[in-house]
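Notes for the structure review
The residues making up each chain are set out below.
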2 protein chains.
Amino acid sequence: MPAAISSCRPASATVREVGLRDGLQSLSVVLPTQRKFDWIDAAYAAGQREIEVGSFVPARLLPQLADTDELVAYARRLPGLSVSVLVPNLKGAQRALASGADLMLVPLSASHAHSLANLRKTPQEVVAMVGEIRAARDAAGSAMQIEGGVGTAFGCTLQGEVPPDEVLRLMQALLDAGADRVSLADTVGYADPASVRRLFEQARRIAGDRLCCAHFHDTRGLGLANVLAALETGVSRFDACLAGIGGCPQAPGASGNVSTEDLVFMLESMGIDTGVDMEKLLALRELAGRWLPGQPLHGALWRAGLPKTFRARAGAAA
Amino acid sequence: MPAAISSCRPASATVREVGLRDGLQSLSVVLPTQRKFDWIDAAYAAGQREIEVGSFVPARLLPQLADTDELVAYARRLPGLSVSVLVPNLKGAQRALASGADLMLVPLSASHAHSLANLRKTPQEVVAMVGEIRAARDAAGSAMQIEGGVGTAFGCTLQGEVPPDEVLRLMQALLDAGADRVSLADTVGYADPASVRRLFEQARRIAGDRLCCAHFHDTRGLGLANVLAALETGVSRFDACLAGIGGCPQAPGASGNVSTEDLVFMLESMGIDTGVDMEKLLALRELAGRWLPGQPLHGALWRAGLPKTFRARAGAAA
């Protein structure tokens, strides 16, 4: 017998561009800072109002993101733009606080094995670190938001299963330690629409509106279906990368993050307002192809182009 | 304010393989009949129980499908396999009746412009033809099912908008003319999850369980999200092509049909039983790559491989 499912959809949604961080960190090339400025300008001109511009990690580890300070300074001058950065530790958080970004994302991996391999800390140690970051933020009198991002929330390539109860426990622990908000990430592309719905519904009951964002990878083709499932639990902010850049180290040729242009296209087609101008976004996608020659780019819309019916339908549904 | 949506999901679903017809007809190469036999055998061994093996169109128009008679004869000997064929006209229907296939799919394009360009008939003329086909079927004392497939149901590359009321009117007309069942197809990849939900809900109210199948293309990346939306209105049969073959003549490089392996993966991951063995299906996908060298193949799962958690999760959700 079919199981009844109750669902709702927001009238508007935000696509947070994370290509400059999560995308570029996976590519071997270093995109020049000026090109990143151009990217930020074009994304802003297309209507994007949340951009993760980089990460405060040592430049020797991620030379692709060594110009994060400059990018924050550049992006901050754009009115109404929320500028976010990733920080992996307290030192990174101090650099973020000094930079004047609006939001810092602190990643926690719910997979113990992935956490040790990636962050060299247990999940519990990351929770404790978020407490220190919160104290540092408050001591600095900063209004910068702290987002705790729970990754490998749907499983892990190293340890396999990640129990949902553990994901939810760690999410609660992040909030208790002082994160202003939390998000859930399918870091390795293991999620499916049913597991997304279950976990986001449970997470919503715990975190309420502090559950602020969903981060899906399209590694196995389910990225947008997972977005739809999360959307129907009330999530209205999604991370995405222009041209789906990001890749998956475990699977050569496989795509990484959900592509910004496909995601915005889906939302706008559904009559969900993203504030983004599709034509301008596709023009930026075209530029990205020129800026990143030979790099693996993904996404479907840019090849096929917008439907003839796009404007009419999006307008009618709105 | 979020709009409430009620939805349900079936416990099991059928993926109808249409790669041998809708896929191969779009490729320039002619796959040898023996390879098609191998494909049918491998798909059957993987658990697929509905296969569209070809089309009864003149061989000069589609040499890729000239061996449809042989394929029906071959596939019929597999116990429990439902063998379907596409027929564009009465002559094709007579060949289908003689072949002993289980189902004939008669396509109707709800777009007047597309119908004239593709079938050289108006939609209303196709409805009348279905009446003749039904009479021929009944006169032959055949148990063969007639499926009326309403294409360009979400818009058309030629005329743009296709009014939903016109789609529903033609679907009703097909049933009135004698089709045993009907399906809806997004022939050009214009659908989005919101339009899918609206149209399938309306169609269900008209056709009830005679609304038997959804056919989506992945031209703009929304194929699986559209499947999810249709699934939540109670649809439990979906067309798909192995390796997403099919293409889109209007968009070089763009994918065509939803890929069978990605679709089965999504459904099984969600705990929806398809009867298909994922490993065997991926082995067939591998073969298809060797059979069709240089052809545009699509889909994401085959690159990334199954998640470590696949069996456990699918088992737990079932």
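Parameters and conventions
Residues numbered from 1 in each chain as written. Chains lettered and ligands numbered in written order. Predicted model: local features only at pLDDT ≥ 70, side-chain atom pairs only at ≥ 80, totals over all residues. Helix = DSSP H or I, 4+ residues; strand = E, 2+ residues; numbered from the N terminus. Contact = placed C-beta atoms within 7 Å. Core = buried A, V, L, I, M, F, W, Y, C linked by C-beta atoms within 7 Å. Buried ≥ 20, exposed ≤ 12 C-beta atoms within 10 Å, placed from the backbone. Axes fitted to C-alpha atoms, helices over the stretch in contact; angles between N-to-C directions. Parallel < 35°, antiparallel > 145°, perpendicular 65-115°, else oblique. Left-handed = near helix turned anticlockwise from the far one by under 90°. Nonpolar A, V, L, I, M, F, W, Y, C, P; charged D, E, K, R; others polar. Pairing = 2+ DSSP bridges. Right-handed = clockwise from strand over helix to strand, strands pointing away. pLDDT = per-residue confidence, 0-100. Expected span 1.5 Å × (residues − 1).

This next bit is on the overall build of chain A. In terms of regular secondary structure, chain A is built from 13 helices and nine strands. Along the longest, intermediate and shortest principal axes, the C-alpha atoms of chain A span 55 × 50 × 40 Å. Long-range contacts, defined as pairs at least 24 residues apart, comprise 74% of the intrachain contacts of chain A with a sequence gap of at least 6.

Looking now at the nonpolar core. By size, the foremost hydrophobic cluster in this structure holds 209 residues, and its most contacted members are M104 and L174 of chain A together with M104 and L174 of chain B. Contacts of L174 of chain B, omitting those with residues within four sequence positions, involve L108, V127, V130, G148, A179 and V182 of chain B.

What follows covers unusual backbone geometry. Residue and element names in this part refer to chain A. Non-glycine residue R120 carries a positive phi angle of around 55 degrees. Along the chain, R120 falls in the loop between helix 5 (112–119) and helix 6 (123–139). Note on R120: 10 C-beta atoms within 10 Å, which makes it exposed. Of note, the phi angle at A243 is positive, near 60 degrees, even though the residue is not glycine. One can find A243 in the loop between strand 9 (237–240) and helix 10 (260–269).

As a further point, take the packing of helix 8 (residues 193–207) of chain B against helix 9 (residues 223–231) of chain B. All names here are of chain B. Two numbers describe how helix 8 lies on helix 9: the axes approach to 8 Å, and their chain directions differ by 30 degrees. Classed by the angle they form, the pair helix 8 and helix 9 counts as roughly parallel. For the element pair helix 8 and helix 9, the recorded crossing hand is right-handed. The segment helix 8 lies against helix 9, with P193, V196, R197 and F200 engaging A225, N226, L228, A229 and A230. Looking at the contact of helix 8 with helix 9 residue by residue, the class counts come to seven nonpolar, one polar and one charged.

The buried fraction of helix 9 (residues 223–231) of chain A is high, at nine of nine residues. Taken residue by residue, helix 9 of chain A has G223, L224, A225, N226, V227, L228, A229, A230 and L231 of chain A as its buried positions.

A few words on the environment of G155 of chain A. Mapped onto the elements, G155 of chain A comes out in the loop between strand 6 (145–151) and helix 7 (164–177). Sequence separation of G155 of chain A and V167 of chain A is 12 residues, and the distance between their C-alpha atoms is 9.9 Å. If sequence neighbours within four positions are ignored, G155 of chain A has contacts with G160, E161, V162, V188 and Y190 of chain A together with P307, K308 and T309 of chain B.

With that settled, consider the pairing of strand 7 (residues 181–186) of chain A. Residues and elements named next belong to chain A. A large share of strand 7 lies buried, amounting to six of its six residues. As judged from the four bridges shared by strand 6 and strand 7, these two strands associate in the parallel manner. Each bridged residue has a counterpart across the sheet, and for G149 the counterpart in strand 7 is S183. Running through helix 7, the crossover from strand 6 to the neighbouring parallel element strand 7 is right-handed. Looking at chain direction, strand 7 and strand 8 (residues 211–216) are connected through five bridges and run parallel. Paired with S183 across the strands is C213, a residue of strand 8.

With that settled, consider the confidence of the model for chain A. Mean pLDDT over chain A: 93, with 93% of residues reaching 70 or higher. If you check the scores for this complex, the pTM reads 0.95 and the ipTM reads 0.95.

A word on the environment of G149 of chain A. Residues and elements named next belong to chain A. Mapped onto the elements, G149 comes out in strand 6. Assessed through the 24 C-beta atoms surrounding it within 10 Å, G149 is described here as buried. Taking C-alpha positions, G149 is 5.9 Å from L108, a pair spaced 41 residues apart along the chain. Setting aside residues no more than four positions away along its own chain, G149 makes contact with L105, V106, P107, L108, S183, A185 and H215.

Residues and elements named next belong to chain A. Over its 15 residues, helix 8 (residues 193–207) runs 20 Å from end to end, which matches the ideal 21 Å to within 8%, given 1.5 Å per residue. Residues of helix 8 that are buried: P193, A194, S195, V196, R197, L199, F200, A203 and A207. Downstream of helix 8 by a residue or two, G208 has a phi angle that is positive, lying close to 55 degrees.

Residues and elements named next belong to chain B. In the contact formed by helix 7 (residues 164–177) and helix 8, the axes pass within 10 Å of each other and the chain directions differ by 30 degrees. Comparing their axes, helix 8 and helix 7 come out roughly parallel. As for how helix 7 packs across helix 8, the hand of that crossing is right-handed. In this structure, helix 7 contributes P164, V167, L168, M171, Q172 and L175 to the contact, and helix 8 contributes L199, Q202, A203, I206 and A207. Among the residues forming the contact of helix 7 with helix 8, the class breakdown is nine nonpolar, two polar and no charged.

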